[in-house]
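Architecture at a glance
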Amino acid sequence: MTQGSEPFTHSGRRPDDTVLSRFERWARDTPGAQAVAAGTESLTYGQLDARANQSARHLLGCGLPERAVVAVCSAPRAELLVLLLGILKAGAAYTVIDVDAPRTGQRQLAAARPFALLADAADQARLDDGGDLRVIRIGAQYPAATAGLPTDPPDRVPRGDAAAVLFSSGAVRRAVPLSHARLLAAHDGWARVVGPVPEDRHLITAAPDLTGFAAGWTRALCEGGALVLPEGPRWTPESLRRAVDAERVTVLHADPGTATQLLVRDREATLARTLHRPDEGLRSLRMVAVTGDRLHLDEQAALLARLRPGARLLNVYGPTEAAGTGARFELPQLAAPLDGAEELSLIGTAFPGCRLDVRDGEIHLAVPGGGEPVPTGDLGVLRPDGLLEFRGRIRDRITVDGRTLDPHPVESAIRSHEAVGAALLAEVEGAGKGVNARPLLVAFLAPPAEDDTWPPGSDLPDGAEVRRHLAGRLPGAMMPSAVHRLPRIPRDRAGREQRAALPMPPGRAGAERSGGGGVGGGKYGGRYTGRDSGPNVAGWAGVGFFVLVGLTMVAAFVMILTLILWPGSTDLTGVPNPYATMFFLLYMCECWAFAAGVWFLFAGRSRMRRHGRRGPRITAAAHLAIVYLLAAWWPQDNFYRLAAKRDWPQQAALVYAFNIPLMICAGIVAVYASRPPLGEFDVEPDTEEPVAAVPEAGAASTSPGSASAVVPAQGPGRDGAEAADPVG
């Protein structure tokens, strides 16, 4: 099955037409227009062009040969654009290196084989592997080195085929050369779909070394628009919202996680949704382009609902070879409403200049500028309405009981549950050890973006409810054996769901090992465990006796402390029996309760967590509430007995200081007791953070406090062949 784009040729394009010449045309025609905005720093097209010319002359003065590759560290974005344009003006190709992960950066340098690396002293130290790579220092001294150079373009014009060397976003960062023709063809295809205008202000959230920025800067600077950059090294949720509002951003380029955080999850978006009013901080947006991973139809509808009427939400799909294009989908492409929006993810149609093929179920993409179709490693099917539907990834397939299982249908069916926003299926080690270990099919669930429960995901279904929901829809072999609840699904730096970073739950085998006893020699070498002989009654009786003696001693000390702190508060002179005895026993119980509260403060938290985890925050709150409920009676009654009955200010102070906290603590304990404990395959919400970076190769990701290994990554393509790495 083949899906081609509308006819799109480059016959009218001049041979010297490149993204650089497009930028230079705008710099010549509108030199005073703003090109870059980075907080308080701003560059016009004329200033950016002049500084890029000086940078190009500096590189040529350093002996830059023709058709070379120059590597750039992810410097401050405004300076980075000056360097990228300067490299192109010097007739070379650029590549941006990831300095946040030094080992990844070193592998990128080895793959790109650049003539030189543009880096400051700190980045050079991070990437130094003892080789002989030439380094041209940038940073504080670079403006001084280029300040005296002429600002007119150098004599050398761009030659050679390569304009840039990009890197895919997967675990294996492949080097992908892009020609001038392909970079311009990708930009032209994108421009025909989006329709950019010079008044647009673009913001790209991707890291500089990723395709979204390394190829996406052309979206603004080749169309006369402005590019909004972060003041610091990267965007944060707070700085992103502030920039969109203050800079009146019209076109936002983001990954699914960042777009969801901005449009749905953050405080302002939540407030606007609660009050059923537009989000004023996002009113300037006319287009949001989401790249990095596919969106389900319900996710796309939820994001689009947060934009003003008439704004567009574009989900872009394609490998690095497509330079930020490939295929796109937006909801108006649907001919009619579809049922099961939670289960459908549409890739849509090809960008102008691209072509989509489905061969043996695998999607192949013919990239802009020509060339052989690139296998994406993704599965798809061409629907009767002409739209391409995503059906999973080949490398995500898992083997269960000797059979290959495609997790996508299972995950899609689980997403149809009203409380589930995302689902990933993985195989983990279950009960048993070695060859006798029984694998378990575990569903990792996360709540919808609009979920406002606390802790996040507390309304997610358990394993039994998930199986009831799937009954009749899936065969038994595809049913998950357990559920692992997460606040959100981890994603890599490009925004794609990262299965390798799923936190593995503590295995049942590990539980058996921790609960078993030692191994006895015996006549037949049999195993002996503590559970074989039943409960140790004598041992528990001894522990109870010593605890009782300890509490009695602490209570006696507290009684003595009462006589010192509140003299006369326990005076029972004039009180007849049996009431005097009853009051004395009450005083002793208060002292015992205070002693128990002190003991529970230091020893109770671990015991509460041992008897069914309900989340760390509610457990900590309930622990302190129980301590207060036990310990507060001793000081409270002593203050009450010494207070004058008609001293209303003192009486009110005592009531508000003790009784109100007692009510609050009782409510906390009630919430704790009514909340169901987390299951064996649940994760505590505050132990997981959103993934911000791809793990280094060979590093094992584990959940906090667990020694379990991550799910092994599947092969990247069929027959062991490496497939392209789609970025959307």
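Each chain carries its own residue numbering, running from 1 in the direction its sequence is written. With the structure being a predicted model, the display of local features is reserved for residues of pLDDT at least 70 and the display and counting of side-chain atom pairs for 80 or more, all residues being used for whole-chain, interface and lining totals. Excluded from the side-chain calculation are hydrogens and water; included are all heavy atoms of the structure.

Details of the overall build of the protein chain
- If you tally the helices and strands in the protein chain, you get 21 helices and 25 strands.
- When accessible area is computed with a 1.4 Å probe and restricted to protein chains, residues below 20% of their type maximum are described as buried, those above 50% as exposed, and intermediate ones as partly exposed. Within the protein chain, buried positions represent 50% of all 728 residues.
- Contacts between residues were defined by any pair of non-hydrogen atoms, one from each residue, lying within 4.5 Å. At a minimum sequence separation of 6, the contacts of the protein chain that also span at least 24 residues come to 68%.
- For the protein chain, the accessible surface area stands at approximately 33300 Å², while carbon and sulfur atoms represent 58% of it. In this description a helix means any DSSP run of H or I spanning at least four residues, a strand means any run of E spanning at least two, and both kinds are numbered starting from the N terminus. Residue exposure ignores everything except the shown protein chains as possible cover, and the areas themselves are Shrake-Rupley values with a 1.4 Å probe.

Re the sheet that holds strand β24 (residues 439-446)
- The three strands are arranged β23-β24-β25 in an open sheet whose pairing can be described as mixed. In this open sheet, the two strands that pair with only one neighbour each are β23 (422-429) and β25 (482-485). The sheet shows a mean angle of 30 degrees between the axes of neighbouring strands, direction not considered.
- Paired strands are those between which DSSP finds at least two bridges. Alignment of β23 against β24, held across eight bridges, turns out to be antiparallel. Following the sheet pairing, Ala-426 is matched in β24 by Val-442. Interaxial angle, 0 to 180 degrees, is taken between N-to-C directions of lines fitted to C-alpha atoms, where a helix line uses only the stretch in contact.

Section: the side chain of Asp-293
- Following the sequence through the fold, Asp-293 ends up in the loop between β13 (287-290) and α13 (297-305).
- A polar contact is formed between the side chain of Asp-293 and the backbone nitrogen of Glu-497, at a distance of 2.9 Å. By the criterion applied in these results, polar contacts are pairs of N or O atoms within 3.5 Å in which, for protein atoms, one can donate a hydrogen and the other can accept it, and in which residues neighboring in sequence qualify only through two side-chain atoms.

Examining the side chain of Asp-396
- Mapped onto the elements, Asp-396 comes out in the loop between β20 (388-393) and β21 (398-400).
- According to the relative accessible area criterion, Asp-396 is buried, its value standing at 13%.
- At 3.2 Å, the side chain of Asp-396 forms a polar contact with the side chain of Arg-499.

What about the pairing of β20?
- Counted residue by residue, β20 has five buried out of six residues, so it is predominantly covered.
- Across two bridges, the pairing between strand β16 (residues 346-350) and β20 is antiparallel. Within β20, the position partnered with Gly-348 by the bridge is Leu-388.
- Counting the residues between successive antiparallel strands, the hairpin from strand β19 (residues 374-382) to β20 contains five residues, one of them, Gly-386, with a positive phi of roughly 90 degrees.

Some words on the pairing of strand β12 (residues 251-254)
- Along β12, one buried face is formed by Val-251 and His-253 and the opposite face, lined by Leu-252 and Ala-254, is buried too.
- Judged from the three bridges that link them, strand β10 (residues 201-204) and β12 form a sheet pairing that is parallel. For Ile-204, the partnering residue across the bridge sits in β12 and is His-253.
- By the bridge criterion, four bridges tie β12 to β13 in an arrangement that is parallel. Residue His-253 lies in a different strand from β13, and its bridge partner there is Ala-289.

Considerations on the packing of aromatic side chains
- Only the six-membered ring of Trp is used, alongside the rings of Phe and Tyr, when aromatic pairs are assigned; centres must lie within 6.5 Å, and planes under 30 degrees apart are stacked while those over 60 apart are edge-to-face, with the rest tilted. Tallied over the full model, the rule gives four aromatic pairs.
- Between Phe-594 and Trp-634, the ring centres sit 4.5 Å apart and the planes meet at 50 degrees, which makes this aromatic pair tilted. With Phe-594 in helix α18 (residues 579-610) and Trp-634 in helix α20 (residues 633-642), the pair connects residues that are 40 residues apart, well separated along the chain.
- A relative accessible area of 6% means that Trp-634 is categorised as buried.
- For a Lys NZ or an Arg CZ to count as sitting over a ring, it must be within 6 Å of the ring centre and within 35 degrees of the ring normal. Looking at Arg-328, its charged tip hangs above the ring of Phe-351, at a distance of 5.7 Å from the centre.

Focus: the nonpolar core
- By nonpolar core we mean a set of buried residues, namely Ala, Val, Leu, Ile, Met, Phe, Trp, Tyr and Cys, connected to one another through side-chain atoms within 4.5 Å. In this structure, Leu-48, Tyr-94, Leu-118 and Trp-217 are the most contacted members of the largest nonpolar core, which totals 59 residues.
- Per-element tally for this core: the top contributor is helix α3 (residues 77-89), with nine residues.
- For Leu-48, the contacting residues outside a window of four places in its chain are Phe-23, Ala-35, Val-36, Leu-43, Leu-81, Val-82, Leu-85 and Leu-221.

Thoughts on a nonpolar patch on the surface
- A cluster of nonpolar side chains, Val-655, Tyr-656, Ile-660, Met-663 and Ile-664, forms an exposed patch at the surface whose accessible area comes to about 500 Å².
- Locating Met-663 in the fold gives a position in helix α21 (residues 648-674). Patch membership needs two things, relative accessible area over 30% and no salt bridge, and members are linked within 9 Å if like-charged or within 5 Å if nonpolar (Val, Leu, Ile, Met, Phe, Trp, Tyr). A pair is scored as a salt bridge if a Lys or Arg side-chain nitrogen falls within 4 Å of a carboxyl oxygen belonging to Asp or Glu.

Comments concerning unusual backbone geometry
- Cis geometry marks the peptide bond from Asn-577 to Pro-578; its omega dihedral reads 10 degrees.
- Within the secondary structure layout, Pro-578 lies in the loop between α17 (537-565) and α18.
- Positive phi, normally seen in glycine, also occurs at Arg-248, with a value near 50 degrees.
- Unlike most non-glycine residues, Ala-323 shows phi in positive territory, near 55 degrees.
- Structurally, the position occupied by Ala-323 is in the loop between β14 (312-317) and β15 (327-329).

Description of empty space enclosed by the protein
- A 1.4 Å probe that fits but cannot get out identifies a cavity on a 1 Å grid over protein atoms alone, an open set with protein on both sides within 12 Å along at least five of seven lines counts as a pocket, and a residue lines either if it has an atom within 4 Å of a point. Grid points are joined across faces, edges and corners, and a volume is the space filled by probe spheres set on the points. Counted under the stated rule, the structure contains four cavities of 30 Å³ or more.
- Within this model, the largest cavity holds a volume of roughly 60 Å³.
- Surrounding the largest cavity, Arg-294, Phe-390, Gly-392, Arg-393, Asp-396, Asp-406, Pro-407, His-408, Glu-411 and Arg-499 form its lining.

As for the pattern of salt bridges
- The full count for this structure, using the stated rule, is 37 salt bridges.
- Where Lys-89 meets Glu-24, a salt bridge forms, and the shortest distance between an N and an O atom there is 2.5 Å. Here Lys-89, found in helix α3, pairs with Glu-24, found in helix α1 (residues 19-29); they are 65 residues apart in sequence, far enough to count as distant.
- Lys-89 sits in the buried class, given a relative accessible area of 2%.
- Among the ionic pairs, Asp-209 bridges to Arg-173, the shortest N-O distance being 3.0 Å. With Asp-209 in the loop between β10 and α8 (211-214) and Arg-173 in the loop between β8 (162-167) and β9 (175-179), this pair connects stretches of sequence that are 36 residues apart.

Focus on the packing of helix α19 (residues 616-631) against α21
- Their axes nearest at 9 Å, the elements α19 and α21 cross at an angle of 135 degrees. On the basis of their axis angle, the class for α19 and α21 is oblique. The crossing of α19 and α21 is left-handed. Where α19 approaches α21, its residues Ile-618, Thr-619, Ala-621, Ala-622, Ala-625, Ile-626, Tyr-628 and Leu-629 are matched on the opposing element by Ala-657, Phe-658, Pro-661, Leu-662, Cys-665, Ala-666, Ile-668, Val-669, Val-671 and Tyr-672.
- Classification used: nonpolar for Ala, Val, Leu, Ile, Met, Phe, Trp, Tyr, Cys and Pro, charged for Asp, Glu, Lys and Arg, polar for all others including Gly. Considered class by class, the residues forming the contact of α19 with α21 number 17 nonpolar, one polar and no charged. Roughly parallel here means an angle under 35 degrees, roughly antiparallel means over 145, roughly perpendicular means 65 to 115, and every remaining angle is called oblique. Crossings are assigned a handedness: left-handed for a near helix turned anticlockwise from the far helix by less than a right angle, right-handed for a clockwise turn.

Considerations on the confidence of the model for the protein chain
- Per-residue confidence from the predictor is reported as pLDDT, a score between 0 and 100. The predicted model of the protein chain has a mean per-residue pLDDT of 81, with 81% of residues at 70 or higher.
- Of all secondary-structure elements in the protein chain, the lowest mean pLDDT belongs to helix α16 (residues 508-515), at 38, while β12 reaches the highest, 97.
- Note that pLDDT drops below 50 for residues 7-12; the model gives that stretch eight contacts with residues more than four away or on any other chain.
- For residues 683-722, every residue scores under 50 in pLDDT, and the model assigns this stretch 92 contacts once sequence neighbours within four places are set aside.

Notes on α19
- To estimate how far a helix should reach, multiply one less than its number of residues by 1.5 Å. If you check α19, its first and last C-alpha atoms are 22 Å apart, about what 16 residues at 1.5 Å a residue would give, namely 22 Å.
- Buried within α19 are the following residues: Pro-616, Ile-618, Thr-619, Ala-622, His-623, Ala-625, Val-627 and Ala-631.

Overview of the environment of Arg-491
- Note on placement: Arg-491 falls in the loop between β25 and α16.
- Using a relative accessible area of 17% as the deciding quantity, one classes Arg-491 as buried.
- Taking the C-alpha atoms as reference points, Arg-491 and Gly-257, separated by 234 residues in sequence, lie 7.6 Å from one another.
- Among the polar contacts made by the side chain of Arg-491, one reaches the side chain of Asp-293 at a distance of 3.5 Å.
- Within the structure, the side chain of Arg-491 is placed 2.7 Å from the backbone oxygen of Gly-495, a separation counted as a polar contact.

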